[in-house]
Each structure stands twice: as C-alpha cells, then as structure tokens.
Amino acid sequence: MSKTPRKIIIDTDPGQDDAAALFLALGSPIELDLLGVTTVAGNVPLPLTSKNARIVCEWANAADTKVFAGCDTPMKRPLVTAEHVHGKTGLDGPDLLPDPKMALQDQHAVDFIIDTLRREPAGTVTLCTLGPLTNIGTAFQNAPDIIERVQEIVMMGGAYFEVGNITPAAEFNIYVDPEAADIVFKSGIRIVMMPLDVTHKALTTKPRIQAMRDLGTPAGIAMAEMLDFFERFDIEKYGSEGGPLHDPCTIAYLLKPDLFQGRLVNVMIETQSDLTLGMTVADYWGVTDRAPNAMFMTEIDADAFFTLLLERLARL
Ligand code: RIB
Ligand code: CA
C-alpha cells in the first residue's frame, strides 16, 4: 500500500546547499508533500534568499511551489550573513542567475506557518529548517498553540565535537539567532539535528559534482556550478577534498532515515556568553539530568546520500 506523502514546510536561506536540499525535496513528490517554502535572512539578506528560493524552484521546473518571505532580522540581534561562503548573491557559481518569473506569496512566512499548522491535522506537518530559526521561533512566540501540532522538526544546525564554523563555538544557523534556537530546543517538539558533526562527512568531490553536471539538465548543471563555487571555501579552510552538503541531509533523512546514525541527547543553546554565543551544548555522555530533546546525528552513508541526491536531481 502506497504511503501518503509526508507534509513538510522547508524554511530556508538559499545558499547553494539549501538549493541542493530544495532540489532533493522537489525531486521526491511521492514521499514528500511540500506545503510551502518559507525564506529567512541568513546566508544573505531576505530579499536575496527570497529571490534565490524562486530561482531554484524554476530550475527544478517547480514554479508552482509556494514561496513565502519571512523575517529579515533575527529576533533580538542584528543580522549576520555569510557572503564569504556563498558569494554576494548567495547562489554564486553560475555565470548568470536568472530573474525569477514566479511571484512570492503575499502572506508572511510566519503567518503561513501558523495558519498551516492550525489547518492541517495535528501531528501531520514536519518543519525542515535549513537556516537561522527566526521564522520558527517567531511563529512559536506569536502562536504557542501550534507547538504541540508540529509532527517533528528536522534541522540543519549546531555542532559539538566538530565545534563551530562561524565562531570557535557556534555553527552559523544557530549563531545568527540563538534566541530563536533556544525557543525551538525548549519547545518539547521532537527534533532531528543534522549538525556539522554529520554534515562534514557529506563532502562533495569532483566525480560527484561531475555526475550532476553530466545530467545536462538546468538543475544538474546549476547544481554543479554552484557546488564548484561553494566547495572552495571549505577545501581552503579545512583542507578537505570537497565542501560539506549540509542542508540536504535533512531531506535525505526524511527519504531514507537509515542513512544516518545518531544519539538522543539533551541540547541547550548558549544565549548569554559573548564567547560561546550560539553554541549547541550537547550532553552527549549523559552527565546531567536534563531530558533528551534532540536526535543528534553523527554518521552518514555518504555514498548512498550522493546516489540519492543524483537520482532525484535527475528527475527535475
Ligand atoms: O552552517 C551551515 C549552515 O549555514 C547551512 O545551512 C548553510 O546554508 C548556512 O545556512
Ligand atoms: Ca542554509
């Protein structure tokens, strides 16, 4: 008997790796019912993340996707962006980025998230977060009644043994809006975390990127060109053989959870210290009596992950 597609909202700050996650989701309509894409300020400011999300949907021949613009600044802090990683457009790589033809939805992303969770049967909508958690934290603050209606949150964010990528202690998505992350991690919702500890094992390589280019499709070629640009930063910084494809780990988990292994632990967010702001403090060895609140993923079958990504990219 065919399972009904899982209802998801993707909250994102595209970003080349966000684009890979969107392609993976858009190439998986049997398994995933993408109710909407909500954009947030993060890698680049909101106008660009909102433009980039639509560019990616059009590359995927999915111009009917509903894209909602969300918050343009974190809940309590000024915005920190990452043009040094993603380029000034946020999707650097392709020679020329098209102007999207599809329009943004009129509704604010936060209101879309609230209305959708109130409308859909409780426990049937999963939030997949690929950027700072500002939209989610704001929605939970504005409408606490929706918290218990969320099925699960599958997020790219955080780090523990792998330590930080934007500061010595913090991963970018959490660092940009630690107050929003604090709301989410204290919500009681089941969280599946894809921290740097696992995403740094999902590295692009030249053959993996070439296989995408060889698809010869707009999405395949654009993905390869974006990753050629995106990987340079991490290769230089870490001396790795490629760049980590952070965000599609969330979608791959929804499609094939057995690709991942992790541990259910307590994670709390540092919101006070300037030195460790945005750190995800994981009680990995159970040295406190804090209740576990997150499945902290640390292992991935990288070959199977890239095979899945290529297979779904080929469908677009
Ligand atoms: O730290 C990596 C995360 O920050 C990824 O989601 C990347 O797209 C940026 O948003
Ligand atoms: Ca992202």
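These remarks concern the structure in this document. (Residues numbered from 1 in each chain as written. Chains lettered and ligands numbered in written order. Predicted model: local features only at pLDDT ≥ 70, side-chain atom pairs only at ≥ 80, totals over all residues. Heavy atoms only, no water.)

1. A short note on the overall build of the chain
Worth spelling out the cut-off: Going along the chain from the N terminus, every DSSP run of H or I of four or more residues is numbered as a helix, and every run of E of two or more is numbered as a strand. In this scheme, a residue with accessible area under 20% of its type's maximum is buried, one over 50% is exposed, and one in between is partly exposed, where area comes from a 1.4 Å probe on protein chains only. Between two residues, a contact is recorded if the distance between any of their heavy atoms is within 4.5 Å.
Regarding its fold elements, the chain presents twelve helices and ten strands. For the C-alpha atoms alone, the extent of the chain along its principal axes is close to 55 × 45 × 45 Å. Taken across its 316 residues, the chain has 59% of its residues classed as buried. Residue pairs at least 24 apart in sequence account for 82% of intrachain contacts in the chain once pairs closer than 6 positions are excluded.

2. Brief notes about the packing of helix 4 (residues 109–119) against helix 5 (residues 134–142)
The test is simple: Inter-axis angles, ranging from 0 to 180 degrees, are taken between N-to-C directions of lines fitted to C-alpha atoms, where helices are fitted over the stretch in contact. Throughout, the term roughly parallel applies to angles under 35 degrees, roughly antiparallel to angles over 145, roughly perpendicular to angles from 65 to 115, and oblique to all others. Left-handed is the label given to a crossing in which the near helix is rotated counterclockwise from the far helix by less than a right angle, and right-handed is the label when the rotation is clockwise. In this classification, the charged set is Asp, Glu, Lys and Arg, the nonpolar set is Ala, Val, Leu, Ile, Met, Phe, Trp, Tyr, Cys and Pro, and all remaining amino acids, among them Gly, are polar.
Two elements in contact, helix 4 and helix 5, have axes separated by 9 Å at closest approach and are oriented at 60 degrees. Classified by the angle their axes make, helix 4 and helix 5 are oblique. Helix 5 is crossed by helix 4, and the crossing has right-handed handedness. Residues Ala 109, Val 110, Ile 113 and Ile 114 of helix 4 form the contact with helix 5, whose participating residues are Asn 135, Ile 136, Thr 138, Ala 139 and Asn 142. Taken together, the residues of the contact of helix 4 with helix 5 break down into six nonpolar, three polar and no charged.

3. Some points on the site of ligand 1
Heads up, the rule is: Any residue with a heavy atom lying within 4 Å of a molecule or strand is counted as near it. We define a polar contact as two N or O atoms separated by no more than 3.5 Å, with the added condition that, inside protein, one atom must be a possible hydrogen donor and the other a possible acceptor, whereas residues neighbouring each other in sequence contribute only through side-chain atom pairs. To measure how exposed things are, a 1.4 Å probe is used in the Shrake-Rupley method; for residues, cover is taken only from the protein chains shown.
The environment of ligand 1 is made up of 13 residues, and the closest members are Asp 17, Leu 130, Glu 171, Asn 173 and Asp 247. Within the side chain of Asp 17, a nitrogen or oxygen atom sits 2.7 Å from an oxygen atom of ligand 1. Within the side chain of Asp 18, an N or O atom sits 2.9 Å from an oxygen atom of ligand 1. For ligand 1, whose accessible area on its own is 280 Å², the fraction buried by protein is 97%. Those elements that place two or more of their residues in the shell around ligand 1 are helix 1 (16–26) and helix 6 (172–176). For the shell around ligand 1, the per-class residue count stands at three nonpolar, five polar and five charged.

4. With respect to a nonpolar patch on the surface
Threshold: Candidates for patches are residues over 30% relative accessible area with no salt bridge; among them, like charges are joined within 9 Å and nonpolar side chains (Val, Leu, Ile, Met, Phe, Trp, Tyr) within 5 Å. The working definition used for a salt bridge is a side-chain nitrogen of Lys or Arg within 4 Å of a carboxyl oxygen of Asp or Glu.
There is a patch of nonpolar side chains on the surface, built from Phe 161, Trp 285 and Val 287 and spanning about 400 Å² of accessible area. Assignment of secondary structure puts Phe 161 in the loop between strand 5 (150–156) and helix 6. A relative accessible area of 46% means that Phe 161 is categorised as partly exposed.

5. Some remarks on the coordination of the calcium ion (ligand 2)
For the record, the criterion: Keep in mind that water is not among the atoms, so a site may look incomplete; donors are the N, O and S atoms within 2.8 Å of the metal, or 3.2 Å for Na, K and Ca.
Donor atoms from the polypeptide that coordinate the calcium ion (ligand 2) comprise Asp 13 (OD), Asp 18 (OD), Asp 18 (OD), Leu 130 (O) and Asp 247 (OD), at 2.2 to 2.6 Å from the metal. Mapping the donors of the calcium ion (ligand 2) onto the primary sequence yields the spacing D-x4-D-x111-L-x116-D.

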